[in-house]
Amino acid sequence: MKKDIICIVCPKGCTIHVDYDETGIKSMEGYSCKRGIDYATAEILSPTRVITSSVKIKNAKYTVCPVKTSCPVSKDKIQEVMKNICCVQVQAPVKQGDVIIKDVCGTGADIIATQTLEKEKKV
Amino acid sequence: MVKEFNLVIIGGGPAGMAAALEAYALGIKDIAILERDDSLGGILKQCIHNGFGLHVFKEELTGPEYALRFSEKIKETDITVLLNTMVINAEKNKTLYAVNPDFGFMTIKAKAVVLAMGCRERSRGALRIPGANVAGIFTAGTAQRFVNMEGILPGTKAVILGSGDIGLIMARRMTLEGIKVLGVYEIMDYPGGLTRNIVQCLDDFNIPLHLSTTIVKIHGIGRVTGVTTAKVDKNMMPIKGTEEYVECDTLLLSVGLIPENELTEQMGVGMYQVTGGAYVDQDLETDTEGIFACGNVLHVHDLVDYVTMEGQKAARSAKAYIEESIEQKKTKPEIKVVPGNGLRYVLPQHIYLKDNDEKIKVFFRSKARYKDIVVRALINDEVIAKKKVIRLIPSEMESIEIKVSDLFIQTDNGINLKDLVIEVEQ
Amino acid sequence: MNYDICIIGAGVVGSLIARQLSKYKVRIAVIERNVDVSMDATGANSGIVHSGYDAKIGTKKARFNVEGCNMMPKLCEDLSVKCKMIGSFVLAFDKEDEKVLQQLYDNGIQNGVTGMAIVDKDFILEKEPYVNPLVTKALYAKNAGIVSPYKLNIAAMDNAIMNGVTFLRETKVTGIEKKDGLFHISVDVTGDICSMSKVDPIKEADRTDITTKIVINCAGAHADEISHIVGDDSFKIIPRRGEYILFDKTEGSRINTVLFQTPTDKGKGILVTPTVDGNLMIGPDATVAQDKDDKCTNSDNLDYVYKTATQSYTGLNMKKSITVFAGIRATPNTSDFIIEESSKCRNFINVAGIESPGLTASPAIAVYVESIVKSLVEMKEKEKDEYTMTVKHDKPFSEMTNEEKEKACSSDELCRKIICRCETVSEKEIVAAIYAPCGARTVDGVKKRTRAGMGRCQGGFCSPHVMRILSEHTGIPINRIAKANANSCILGRYSRG
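Conventions and cut-offs
Residues numbered from 1 in each chain as written. Chains lettered and ligands numbered in written order. Predicted model: local features only at pLDDT ≥ 70, side-chain atom pairs only at ≥ 80, totals over all residues. Contact = placed C-beta atoms within 7 Å. Helix = DSSP H or I, 4+ residues; strand = E, 2+ residues; numbered from the N terminus. Nonpolar A, V, L, I, M, F, W, Y, C, P; charged D, E, K, R; others polar. Pairing = 2+ DSSP bridges. Axes fitted to C-alpha atoms, helices over the stretch in contact; angles between N-to-C directions. Buried ≥ 20, exposed ≤ 12 C-beta atoms within 10 Å, placed from the backbone. Expected span 1.5 Å × (residues − 1). Parallel < 35°, antiparallel > 145°, perpendicular 65-115°, else oblique. Left-handed = near helix turned anticlockwise from the far one by under 90°. Core = buried A, V, L, I, M, F, W, Y, C linked by C-beta atoms within 7 Å.

Enquirer: Go over the interface of chain B and chain C, please, and point to the residues and values.
Expert: A common way to express how large an interface is: the accessible area buried when the components associate. In this assembly, 40 residues from chain B lie in contact with 43 residues from chain C. Going through the elements one at a time, strand E6 (86–90), strand E7 (95–100), strand E8 (104–115), strand E9 (119–121), helix H3 (124–127), helix H4 (140–150) and strand E14 (213–221) of chain B are the ones with two or more residues in the side of chain B that touches chain C. Per-element accounting of the side of chain B that touches chain C gives the leading share, 6 residues, to H4(B). In terms of residue class, the side of chain B that touches chain C is built from 18 nonpolar, 14 polar and 8 charged.

The structure is reproduced here in structure tokens:
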């Protein structure tokens, strides 16, 4: 099988032509650095993404607190991870880096806060 | 109330924060940041996606994390941070008038001013998209604020006009929140945003990108019920017969950013039409002495890291100004920098030949898409610098380095100065 | 509820009539289908105070135009509404045009217009350097100007409510029956914004079992339908749409006068004018609308407006346009204003077909309608201390001097929060707009009263804040806050419940 992958590691955006089958990658061209090879390999064999979203927060100035997965997770887990993110609720104060959900959906990644939100007095 | 500072930075987004920290690190005393929102960070606070910081921090951060790297550091300094502070008027002599809840009306006097107010989004009205005057039309950034900060969704079925980065990011964000994103429509024949965003925000979710297509009418009573799209010809005029109706309740506009230079103009600072920002020299100093500009208020950037670096540079220049070590540059020969073949703009737009050893990065953006080209700098028809560029597209910024010594050689004792032309080699 | 007088329609005409009658000891209700005043013809209007040279001699249009023009500055002063009598030019570019100028001048003299002169090119270009230099002559009318139509409308209704008038918004008249000399008006509720609001909620009792002795039909484009209900089909309203382009204040600073083109067989041309708030505006064209509520703009029409405007004015920069909009004019098939008791129905007064120069004429129309009502029923004036004909407004923050701003900020914390940067609008002004007698309930309502969101970013930054303030004070949940009517909610659901 053949697939063109646009590398997104850097803004250069190389188009990498990959030839592959069930056993693995047979050939690759169009990359301009090793990071490109790694990216294309991952995109073919096990594409991953860092998921960013937000969770409900109580007693803060906003109703949501932004979060992300602590490392990239398998692309096909995105919907499942989102379901988990939608269910949790946290209380202010929250500090950036706080773990909100440990090992979300068995991916090995934690959901961590990406913002620091103080407790609001008036809420 | 009258307040006096050595350096006043207007805007507490990435440009302003970087400028403040750099100025502080250089030993400037009495620095103030004036920020209209209730916390530092600017637009980064609502950019909760990741991908920021590869150049400056060598890792991928989300917007809020990137902002915290700076705002936490600022907390450790004695930089004065005035939040909820709106500068409502400004004068050429660097007197600013601002209001905030703690001090009321303030007159703020500064030795040097760094402009870091960022930009705003082009609105429906500026585009003059015809049709119904209805709710449900958002600029992508306003929708982003609602979703990511207020936690409220704009609608249920969305169409996005324009493939700018915020629009692409919002396509993914809304999809993850269960909003059906029906398509992204781009009038140009290439996407406006970064490739990584096309891949990760559209392709990952099978959201179609329609190039050379625009919205010719908005329908609805009260709220949007649909839009009519049409293909455009090479003059970007809609082609009759290609109209399609798309039913939706939400329309996001990601059709360009405009530097917010109302204060700049009030201060009498000269503007550069193409960027919509101030006309600056290599020190990022405007034509009004002691007023510097950086970040999206100067020209719209593609990456926040470049904004940060520009903020730092403006701070270095402001320090030199405060210490009275750069104004003598105005006695030196001055040359204009102009965009030549293939380029839309250059920055800086003029250079003082003050220091033989100085190396100057001239930033530029192209008018069209190019592959495997050479960009060169010419003075008096002689090439003084060349750079190979694998890919040059209008949405991404590039730069070329110039040695001031090369400019000197070409300028005959400062008489008959020619423009420095940056162009795509034909 | 039993009223003496019901006015249908809260445009500038209906609202000024309500104000005019509110000095009498009568119970008055104004019934409006929209959530606010000024949502139809008045809301999207050129905002010109015409001097009155073009209306046909002897018509109601001519009479009320000239009278209204003379009344406008004082009325606006009483209502704290900006009105600038900046004068107008009708520009001529050839001999044919010049002939028309002379006709207009002669017509104006007969209509009683003062302060007119035919002026030459030098005079025009000195006053307006961006007028097309091919101009040959112009009819200059000193006694002409600009006013904000919706501000005048809002202030008139504020004043009426201060004097006890009941304002029934989101209330649509569906039937009128006359029994024993009394009108019974049945209505539909068109939305729930005004009943949801904690601030002056609509009391349901006020709009159930409505009876009234007199009905005044000010229903704009729909006036013929209202008249039809009582069996009077003596006129028809042909809705004509006009489209406008509004430009940034940077552009408004270069124009000083209202610029008309010489009317021809093909139409009245496109006007170029500053607005009272300092923007530049061009428009309107005139196309017959299929639907009386179709206020859509169309690219062909906007192109026409732009191209035609450039024939008289060279200073247009399309990059500086900030919005486009369309309005519906209530053009009657009778060619003149219809202001009279219906010949088919006693005590039913039609005030219909009030197309241009209706805004200018509206103060005079209100006084004339007052005399009609007085001829039908006896009304006693209230004691002097029981009513007022003036409305006081605090000076907008943006118009204060630095000293005034400092003073305002020191005495009021809400002044220190600037919500709209483009137009420098403080939270205090937005809150005041909500609590005004005819208070804002929607984002557009706040915009018209305070200018928040009216500027170059068109609410990009301030709309989340305006919505929060509206929600906090009115108690309307944030995702029910609407742009205009109840069918125009801005946001959907909370993402996390």
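Enquirer: Talk me through the sheet that holds strand E11 (residues 182–189) of chain C; I want residue IDs and the actual numbers.
Expert: Residues and elements named next belong to chain C. Taken in spatial order, the 3 strands line up as E10-E11-E12 in an open sheet, and their pairing is antiparallel. Every interior strand has two partners, whereas the edge strands, strand E10 (171–179) and strand E12 (210–212), have only one. Each neighbouring strand pair of the sheet contributes to a mean axis angle of 30°, computed without reference to strand direction. Two elements, E11 and E12, share 3 bridges in a ladder whose sense is antiparallel. Each residue of the ladder has a partner; that of isoleucine 185, found in E12, is isoleucine 210.

Enquirer: So what about unusual backbone geometry? Which residues, and what values?
Expert: In this model, Ala92(A) is joined to Pro93(A) through a cis peptide bond whose omega is 0°. Within the secondary structure, Pro93(A) is located in the loop between strand E8 (89–91) and strand E9 (99–101). Residue Pro348(B) follows Leu347(B) across a cis peptide bond; omega there is 5°. Among the structural elements, Pro348(B) can be located in the loop between strand E23 (343–347) and strand E24 (350–352). One non-glycine residue with positive phi stands out, namely Asp381(B), at about 65°. Its 8 C-beta neighbours within 10 Å are what place Asp381(B) among the exposed residues. The backbone of Asp180(C) sits at a positive phi, close to 50°, despite the residue not being glycine.

Enquirer: Please give an account of helix H14 (residues 463–474) of chain C that cites residues and values.
Expert: Across its 12 residues, H14(C) extends 16 Å between first and last C-alpha, which sits within 8% of the 16 Å expected from 1.5 Å per residue. Residues of H14(C) that are buried sit in contact with H4 of chain B together with strand E22 (418–420), helix H12 (427–435) and helix H13 (443–450) of chain C. Phi turns positive one or two residues past the end of H14(C), at Gly475(C), with a value near 80°.

Enquirer: How would you explain the packing of helix H1 (residues 12–21) of chain C against helix H5 (residues 149–162) of chain C if you had to name every residue and give the values?
Expert: Residue and element names in this part refer to chain C. It is the contact of H1 with H5, at a shortest axis distance of 8 Å, that shows an interaxial angle of 30°. Relative to H5, the element H1 lies roughly parallel. Between H1 and H5 the crossing geometry is left-handed. Contact residues: Val12, Ser15, Leu16, Ala18 and Arg19 in H1; Pro149, Leu152, Asn153, Ala156, Met157, Asn159 and Ala160 in H5. Across the contact of H1 with H5, the residue classes break down as 8 nonpolar, 3 polar and 1 charged.

Enquirer: Tell me what's going on with the environment of Ser195(C), and back it up with residues and numbers.
Expert: Residue and element names in this part refer to chain C. Looking at where serine 195 falls in the secondary structure, it is placed in helix H6 (residues 193–196). Judged by the 14 C-beta atoms lying within 10 Å of it, serine 195 is partly exposed. Taking the C-alpha atoms as reference, serine 195 lies 16 Å from alanine 436; in sequence the two are 241 residues apart. With residues near it in sequence (within four places) discarded, serine 195 still touches Pro201 and Ile202.

Enquirer: I'd like a rundown of the environment of Phe461(C), residues and numbers included.
Expert: Secondary-structure assignment places Phe461(C) in the loop between H13 and H14. It is 9.2 Å that separates the C-alpha atoms of Phe461(C) and Cys422(C), two residues lying 39 residues apart in sequence. Excluding anything up to four places from it in sequence, Phe461(C) contacts Arg120(B) and Arg421(C).

Enquirer: Lay out the nonpolar core in plain terms, naming residues and giving numbers.
Expert: Formed by 293 residues in total, the largest nonpolar core has its most connected members in Leu7(B), Val8(B), Ala19(B), Val114(B), Leu115(B), Ile17(C) and Val351(C). For this core, the element with the most residues is helix H8 (residues 304–322) of chain B, which contributes 9 residues. In this structure Ile17(C) touches Ile7(C), Ile216(C), Cys218(C), Val351(C), Ala366(C) and Val369(C), once residues within four positions along its chain are discounted. Counting residues in each nonpolar core, the second largest holds 19 residues, with Val64(A), Val81(A), Val90(A) and Ala109(A) among its members.

Enquirer: Can you lay out the packing of H1(C) against helix H10 (residues 358–376) of chain C for me, pointing to particular residues and giving the numbers?
Expert: A pair of packed helices is characterised by two quantities: the angle between their axes and the separation of those axes. All names here are of chain C. Two elements in contact, H1 and H10, have axes separated by 8 Å at closest approach and are oriented at 40°. Judged by the angle between their axes, H1 and H10 are oblique. Handedness of the H1/H10 crossing: right-handed. Of H10, the residues touching H1 (which contributes Val12, Val13, Leu16, Ile17, Gln20 and Leu21) are Gly358, Leu359, Ser362, Pro363, Ile365, Ala366, Val367, Val369, Glu370 and Val373. The residue inventory of the contact of H1 with H10, partitioned by class, reads 12 nonpolar, 3 polar and 1 charged.

Enquirer: Hey, could you go over the interface of chain A and chain B for me, with residue numbers and the actual values?
Expert: Each side of the interface is counted separately: chain A has 21 residues, and chain B has 21 residues. Elements with a contribution of two residues or more to the side of chain A that touches chain B: strand E5 (52–58) and strand E6 (64–69) of chain A. Broken down by class, the residue content of the side of chain A that touches chain B amounts to 8 nonpolar, 9 polar and 4 charged.

Enquirer: Requested: an account of the sheet that holds strand E3 (residues 24–29) of chain A, with residues and values cited.
Expert: All names here are of chain A. On the basis of which strands lie adjacent, the open sheet formed by 3 strands has the order E1-E2-E3 and antiparallel pairing. The open sheet has two edge strands, strand E1 (2–6) and E3, and neither has a second partner. When strand polarity is set aside, the average angle formed by the axes of neighbouring strands in this sheet is 30°. Looking at chain direction, E1 and strand E2 (residues 15–21) are connected through 5 bridges and run antiparallel. Residue pairing across strands places isoleucine 6 opposite threonine 15, the latter belonging to E2. Relative to E2, helix H1 (residues 34–45) is tilted by about 45°, and along the sheet it contacts E1, E2 and E3.

Enquirer: Run through the environment of Glu72(B), naming residues and quoting values.
Expert: All names here are of chain B. Along the chain, the position of glutamate 72 falls in helix H2 (residues 63–75). Classification of glutamate 72 as exposed rests on a count of 12 C-beta atoms within 10 Å. Between the C-alpha atom of glutamate 72 and that of leucine 40, which follows or precedes it by 32 residues, the distance is 9.7 Å.

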